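# Survey of secondary and tertiary structure
The primary structure of each chain is shown beneath.
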Amino acid sequence: MDKKRAISIITKAAKLYSKNLEDQKVLFVYAVPSAINKQLTEKTDKIDEFSFYETVFHRSNFLHLTGVTLNSNTTKSAISFYDKCIEGRLAEEDFYFAKDGSTEQKLEVIESMMNIKKVATMIGDFTDKGPKLYSNKVAGNICACIGFVKDSYTKLNVPNTLLKKDIKDVSAKPHQKIYAVLSKRYSDEKYNVIEKCDKAFALKMVSGIEVYIDL
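First things first, this report covers the structure right here in the doc. Predicted, not measured: the structure shown is a model, and the values here were computed from it.

Conventions used here
Residues numbered from 1 in each chain as written. Predicted model: local features only at pLDDT ≥ 70, side-chain atom pairs only at ≥ 80, totals over all residues. Heavy atoms only, no water. Phe/Tyr/Trp six-rings, centres within 6.5 Å; stacked < 30°, edge-to-face > 60°. Buried < 20%, exposed > 50% of the residue type's maximum accessible area, 1.4 Å probe, protein only. Lys NZ or Arg CZ within 6 Å of the ring centre and 35° of its normal. Helix = DSSP H or I, 4+ residues; strand = E, 2+ residues; numbered from the N terminus. Lys, Arg positive; Asp, Glu negative; His and termini not counted. Salt bridge = Lys/Arg side-chain N within 4 Å of Asp/Glu carboxyl O. Contact = heavy atoms within 4.5 Å. Arc of directions from axis to C-beta. Axes fitted to C-alpha atoms, helices over the stretch in contact; angles between N-to-C directions. Parallel < 35°, antiparallel > 145°, perpendicular 65-115°, else oblique. Nonpolar A, V, L, I, M, F, W, Y, C, P; charged D, E, K, R; others polar. Expected span 1.5 Å × (residues − 1).

### Here we look at the packing of aromatic side chains
- A complete count under the given rule lists 10 aromatic pairs for this structure.
- Considering the side-chain rings of Phe95 and Phe97, the 6.1 Å spacing of their centres and the 40 degrees angle between planes classify their relative orientation as tilted.
- Residue Phe95 is classed as buried on the basis of its relative accessible area, which comes to 0%.
- Since its relative accessible area comes to 21%, Phe97 is described here as partly exposed.
- Every member of this aromatic cluster is reached through a ring pair, and the members are Tyr17, Phe28, Tyr53, Phe57, Phe62, Phe81, Tyr82 and Phe148.
- When the ring centre of Tyr53 is taken as origin, the NZ or CZ atom of Lys137, which lies over that ring, is 5.8 Å away.

### Overview of the environment of Ser187
- Examined against the element boundaries, Ser187 turns out to sit in the loop between β9 (176–185) and β10 (193–197).
- Accessibility expressed as a relative area gives 69% for Ser187, which makes it exposed.
- For the pair Ser187 and Asp23, spaced 164 residues apart in the sequence, the C-alpha separation amounts to 8.5 Å.

### Notes on the side chain of Glu22
- Checked against the element boundaries, Glu22 lands in the loop between α1 (3–20) and β1 (24–31).
- Arg59 provides the closest opposite charge to the buried, salt-bridge-free Glu22, at an N-O distance of 4.1 Å.
- Leave out the neighbours within four places in its chain, and Glu22 touches Tyr17, Phe57, Arg59, Tyr82 and Arg185.

### Quick word on the environment of Glu92
- The residue Glu92 is located in the loop between α4 (78–87) and β4 (95–96) in this model.
- Judged by its relative accessible area of 43%, Glu92 is partly exposed.
- In this structure, the C-alpha to C-alpha distance between Glu92 and Ile7, residues 85 residues apart in sequence, is 7.5 Å.
- Those residues in contact with Glu92 that sit more than four places away from it in its chain are Lys3, Lys4 and Ile7.

### Re α4
- Among all positions of α4, only Ala78, Phe81, Tyr82, Lys84 and Cys85 are buried. Summarising the axial view, the buried residues of α4 lie within an arc of 160 degrees, below the 170-degree limit, and thus occupy one face.
- Packed against the buried residues of α4 are α1, α3 (62–66) and β3 (69–70).
- Positive phi shows up at Gly88, right after α4, with a value of about 70 degrees.

### Observations regarding the packing of α1 against α4
- One way to put it is that α1 packs onto α4 with a least axis distance of 8 Å and a crossing angle of 100 degrees. Taken together, the axis directions place α1 and α4 in an arrangement best described as roughly perpendicular. Residues Ile10, Thr11, Ala14, Lys15, Tyr17 and Ser18 of α1 lie in contact with α4, whose contacting residues are Phe81, Tyr82, Cys85 and Ile86.
- Broken down by class, the residue content of the contact of α1 with α4 amounts to seven nonpolar, two polar and one charged.

### Some thoughts on helix α5 (residues 102–113)
- The first and last C-alpha atoms of α5 sit 16 Å apart over 12 residues, in line with the 16 Å expected at 1.5 Å per residue.
- By the burial criterion, the buried members of α5 are Ser102, Thr103, Lys106, Leu107, Val109, Ile110 and Met113.
- Here the buried face of α5 lies against α1, α3, α6 (116–119), β6 (137–140), β7 (145–150) and β8 (157–163).

### Here we look at the pattern of salt bridges
- Per the counting criterion, the structure on display carries 10 salt bridges.
- One salt bridge connects Asp94 with Lys84, and the closest N-O pair in it is separated by 3.1 Å. Here Asp94 is found in the loop between α4 and β4, whereas its partner Lys84 is found in helix α4, with 10 residues between them in sequence.
- Its relative accessible area of 3% is what places Asp94 among the buried residues.
- Among the ionic pairs, Lys164 bridges to Glu108, the shortest N-O distance being 2.3 Å. Taken together, the positions of Lys164 in the loop between β8 and α7 (167–170) and Glu108 in helix α5 put the pair 56 residues apart, joining distant regions of the chain.
- Of the residues examined, Lys164 reaches a relative accessible area of 43% and is grouped as partly exposed.
- One salt-bridge network, held together by shared partners, links Lys117, Lys118 and Glu195.

Honestly, that's just the spatial picture; any functional story needs more than this.
Given below as structure tokens:
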């Protein structure tokens, strides 16, 4: 992949990030399918096996998903890089590809993963750790996934990498299914958008989130 092609992909992905994720909090509602199926079989009035993972997407996080390294002589920060992408000013001299080939791999899937709220089907604890790669959680599907870490300053979970890997190969078992995804603007008090929800359930958002079977 040459830099001209990379700029085209990165610029398009940045605009999708701006539209779909920037300054949003996203809540993944997930569980081990066998546990949920058991409760469904028992016809319980309320499902209590769900877990929740909240993430936030800042402008400064986009750079990590591209896999490129900044040329500090032309682009001083991750936010400056993002602004150049949005404004169509990103130039070949502004960045470098990773020497291990990971940049090209990330760029092959980055556009689809800017729609993670819709395409993520699984979430789990990250297990594919290495000397240059660390995440706490990964969310995605069999084609790609985004890794998340807790920001040391805000204590919020933020994206820190993008992988062109089957999430089942980089997350701990048992694999956790995403049953619903909710979102809100960063400053909103409550979640007010249901991005996706398993057809077996209805979500009711009242002073937090409760998940009920839709009978």
